[in-house]
Amino acid sequence: MASRSTGQTAALAVAAVTTVAATYYVQRLVTKYGIAGTARLIWEGDHLPTEVRESMDSLDEIEGVSIPKEERVLEKIEVTVETARLNTVDGPVFTTNTGGKNPTDDVVLSAGGDNEVLSQYPHLRTDISTLSYRLDKLAATADSAQSHGNVEVKRRKKQLSSIIVKMMERTDALMAACGTSR
């Protein structure tokens, strides 16, 4: 019977642990990405095919850069419109008699209004129109990303389109509030 040295035993133990860990890691990758995706990940460093990666990168750009930028612009415009509305509240107020028996049925009309907002901030019409145009372009860019049958790309496109549509609705509400048309 041959006896092994402590160094040989340690080397075998390390090799066994490494083999088990590598097998577990590869098994997890195969479960997550499939055999082709795992081979691509090991060989190329990315589990996605090139055309799907391009679509994902495009969606990443929209999600990480474009949407936050346009969200900040939209919030700035919303604050400006709200500020203008609040500033017009202090203007003269007129009451019209609706003919009801109760004076609380009378309609209160402010001298301000939509045109008052635009007169205080004439750049708003251009800012809102520009934002609307950029959101339309952003939606077109998100829609033009090809999924190539990848479920994750389809899911992200749907998610980003939903976010952009909500921003467009807010922009349309601002247009209506300021009396501008799309």
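Residues numbered from 1 in each chain as written. Predicted model: local features only at pLDDT ≥ 70, side-chain atom pairs only at ≥ 80, totals over all residues. Heavy atoms only, no water.

Q: Run through the overall build of the protein chain, naming residues and quoting values.
A: Within the protein chain one finds five helices and two strands. Secondary structure elements of the protein chain occur, N-terminal to C-terminal, as α-α-β-β-α-α-α. Expressed as a percentage of its 182 residues, the buried residues of the protein chain come to 25%. Looking at the protein chain as shown, the accessible area adds up to about 12100 Å², and 58% of this sits on carbon and sulfur atoms. (Helix = DSSP H or I, 4+ residues; strand = E, 2+ residues; numbered from the N terminus. Buried < 20%, exposed > 50% of the residue type's maximum accessible area, 1.4 Å probe, protein only. Areas by Shrake-Rupley, 256 points an atom, 1.4 Å probe, with all protein chains shown as cover.)

Q: Describe unusual backbone geometry, naming the residues involved and giving the relevant values.
A: Positive phi values are uncommon outside glycine, yet His-148 reaches one of about 50 degrees. With respect to the helices, strands and loops of the structure, His-148 is situated in the loop between helix H4 (123-144) and helix H5 (151-178).

Q: Would you mind going over the nonpolar core in detail, with residue names and values included?
A: Across soluble globular proteins, nonpolar side chains show a tendency to be buried alongside one another. Of all hydrophobic cores here, the largest spans 28 residues; its most connected members are Ile-62, Ile-67, Ile-77, Leu-124, Ile-164 and Cys-178. Broken down by element, the residue count for this core peaks at nine residues, all from helix H2 (residues 50-89). Filtering out sequence-adjacent residues up to four positions away, Leu-124 remains in contact with Ile-77, Thr-80, Val-81, Val-117, Leu-118 and Cys-178. (Core = buried A, V, L, I, M, F, W, Y, C linked by side-chain atoms within 4.5 Å. Contact = heavy atoms within 4.5 Å.)

Q: Before we move on, could you go through the environment of Asn-150 and cite the residues and values that matter?
A: On the secondary structure map, Asn-150 appears in the loop between H4 and H5. Sequence separation of Asn-150 and Met-56 is 94 residues, and the distance between their C-alpha atoms is 10.0 Å. Here Val-153 takes part through its backbone nitrogen, which lies 3.1 Å from a polar atom of the side chain of Asn-150. (Polar contact = N/O pair within 3.5 Å; in protein donor to acceptor, adjacent residues only side chain to side chain.)

Q: So what about the environment of Thr-38? Which residues, and what values?
A: In this fold, Thr-38 is placed in helix H1 (residues 6-44). The contacts of Thr-38, once residues within four sequence positions are left out, are Leu-29, Val-30 and Tyr-33.

Q: An account of the packing of H4 against H5 is needed here, citing residue identities and associated values.
A: Contact geometry for H4 and H5: axes closest at 10 Å, N-to-C directions at 160 degrees. Viewed along their axes, H4 and H5 adopt a mutual orientation that is roughly antiparallel. Like other packed secondary-structure pairs, H4 and H5 cross with a definite hand, here left-handed. The residues of H5 that touch H4, namely those facing Leu-124, Ile-128, Ser-129, Leu-131, Ser-132, Leu-135, Asp-136, Leu-138, Ala-139, Ala-142 and Asp-143, are Lys-157, Ser-161, Ile-164, Met-167, Met-168, Thr-171, Leu-174, Met-175 and Cys-178. Its residues assigned to classes, the contact of H4 with H5 shows 13 nonpolar, four polar and three charged. (Axes fitted to C-alpha atoms, helices over the stretch in contact; angles between N-to-C directions. Parallel < 35°, antiparallel > 145°, perpendicular 65-115°, else oblique. Left-handed = near helix turned anticlockwise from the far one by under 90°. Nonpolar A, V, L, I, M, F, W, Y, C, P; charged D, E, K, R; others polar.)

Q: With reference to specific residues and values, describe H5.
A: The end-to-end C-alpha distance of H5 is 41 Å, a good match for the 40 Å that 28 residues give at a rise of 1.5 Å each. Taken as a whole, H5 has its buried residues at Val-153, Arg-156, Lys-157, Leu-160, Ile-164, Met-167, Met-168, Thr-171, Leu-174, Met-175, Ala-177 and Cys-178. With a side-chain oxygen lying 2.8 Å from the backbone nitrogen of Glu-152, the N-terminal cap of H5 falls on Asn-150. Immediately downstream of H5, the backbone of Gly-179 shows phi near 80 degrees, a positive value. (Expected span 1.5 Å × (residues − 1).)

Q: Kindly report on the side chain of Arg-156, identifying the contributing residues and their values.
A: Mapping Arg-156 onto the fold places it in helix H5. Polar contacts involving the side chain of Arg-156 include one to the side chain of Glu-63, which spans 2.7 Å. Contacts of Arg-156, omitting those with residues within four sequence positions, involve Met-56, Leu-59, Asp-60 and Glu-63.

Q: So what's going on with the pattern of salt bridges? Which residues, and what values?
A: For the coordinates displayed, the defined rule picks out eight salt bridges. With a closest N to O distance of 3.6 Å, Arg-53 and Asp-57 form a salt bridge. On the criterion of helical spacing, the pair formed by Arg-53 and Asp-57 is a turn pair, its members being four residues apart in helix H2. On the basis of relative accessibility, which here comes to 23%, the residue Arg-53 falls in the partly exposed class. Classification of Asp-57 as partly exposed rests on a relative accessible area of 41%. (Salt bridge = Lys/Arg side-chain N within 4 Å of Asp/Glu carboxyl O.)

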